[in-house]
Amino acid sequence: GGVPPAADLVLGATAGCLACFLTNPLEVVKTRLQLQGELQAPGTYPRPYRGVLRAAVAVCRADGLGGLQKGLAAGLLYQGLMNGVRFFCYSLAEDAGWTGYPGGTVAAGAVAGAVGAIVGSPAYLVKTHLQAQTLSTVVVGHQHNHESISGAFKSIYQQHGVVGLWRGVTGAVPRVTVGSAVQLSTFASAKDWVCEHQWFRKGSWAAVLAGGMVSSVAVAVAMTPFDVISTRLYNQPVHADGTGKLYRGFLDCILQISNKEGLLGLYKGIGAVYFRLGPHTVLSLFFWDKLRNM
């Protein structure tokens, strides 16, 4: 407490953006891994991307080193909007005393995350499109062929109006709600647990780091299926009327993936999700913590 919600908005957004620079390459890799073998049985398709490291190398080969920062501007926009709103709402809930109730932190985290996801959804849509774009030799998923971030927003808006910019939001809300709730609830308790066992001094950055690493495992396991669904819904090609060509919506997407790719299809890219979450969670919370204490 002690920090006004408006300041939290700015700090949350700044922390998210600082972390984003460092973790965007993992986002690119994650997007490619999650689109690979879309709606195909395991083992029946070519796999240009195998695991996080080799996928990163494949991206560099095809798109140069800059390929690892594809969609960075859209990512920064998303992080700024999503985290700013998320920390702002969470801070309001704290000030209102809601987080004092049992389960309050989880509920507040979930609601804050959902609102953030809705606000940031168009930026995430464009980010996914841009990160999936690549050379034909290593192509996975539908190619939207945008020229730039502004071109992407413009063409989506011209073809499908305002509604088109929020396409895929049904995948984003559960993704962030689950992620946010699990992250905020396990991070606080993991940090306290580490301090109680006197491994690290309370409030030391090592405790923050350890708490973040522990909580990231829980978040990765809970969130990856929603993350895969999100990526698929955002990236799928659409008919002129705005309906998806591959998936009718959230539930249809889960069913199709489990039927055609097996349950493990829902865990595509979990390595990248964890490696991104670990540092991203820790860096965001670390920057946020430090900025708040200034």
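What counts and what doesn't
Residues numbered from 1 in each chain as written. Predicted model: local features only at pLDDT ≥ 70, side-chain atom pairs only at ≥ 80, totals over all residues. Heavy atoms only, no water. UniProt positions renumbered as here; feature names shortened; annotations may be inferred. 1 Å grid on protein atoms, 1.4 Å probe; cavity = no way out; pocket = protein on both sides within 12 Å on 5 of 7 lines; lining within 4 Å. Points joined across faces, edges and corners; volume = space filled by probe spheres on them. Helix = DSSP H or I, 4+ residues; strand = E, 2+ residues; numbered from the N terminus. Nonpolar A, V, L, I, M, F, W, Y, C, P; charged D, E, K, R; others polar.

An unreviewed UniProt entry annotates the protein as Solute carrier family 25 member 34 originating from Erythrocercus mccallii. Under the heading Subcellular location (unreviewed entry), UniProt records this for the protein: "Mitochondrion inner membrane".

1. A word on the layout of surface pockets
Empty space within the largest pocket amounts to approximately 380 Å³. The wall of the largest pocket is formed by 16 residues, among which Glu94, Lys191, Trp288, Asp289 and Arg292 lie closest to the centre. Mapped onto the lining of the largest pocket, the elements with two or more residues apiece are helix 3 (72-95), helix 6 (169-196) and helix 9 (270-292). Considering every element that reaches the lining of the largest pocket, the biggest residue donor is helix 6, with five residues. In terms of residue class, the lining of the largest pocket is built from seven nonpolar, four polar and five charged. Roughly 330 Å³ of volume is contained in the second largest pocket. Around the second largest pocket sit 21 residues that line it, and Leu33, Gln36, Arg47, Lys268 and Gly269 are the ones nearest its centre. Residue assignment for the lining of the second largest pocket shows that the elements contributing at least two residues are helix 2 (51-63) and helix 9. At three residues, helix 9 tops the list of elements feeding residues into the lining of the second largest pocket. The residue inventory of the lining of the second largest pocket, partitioned by class, reads 10 nonpolar, seven polar and four charged.

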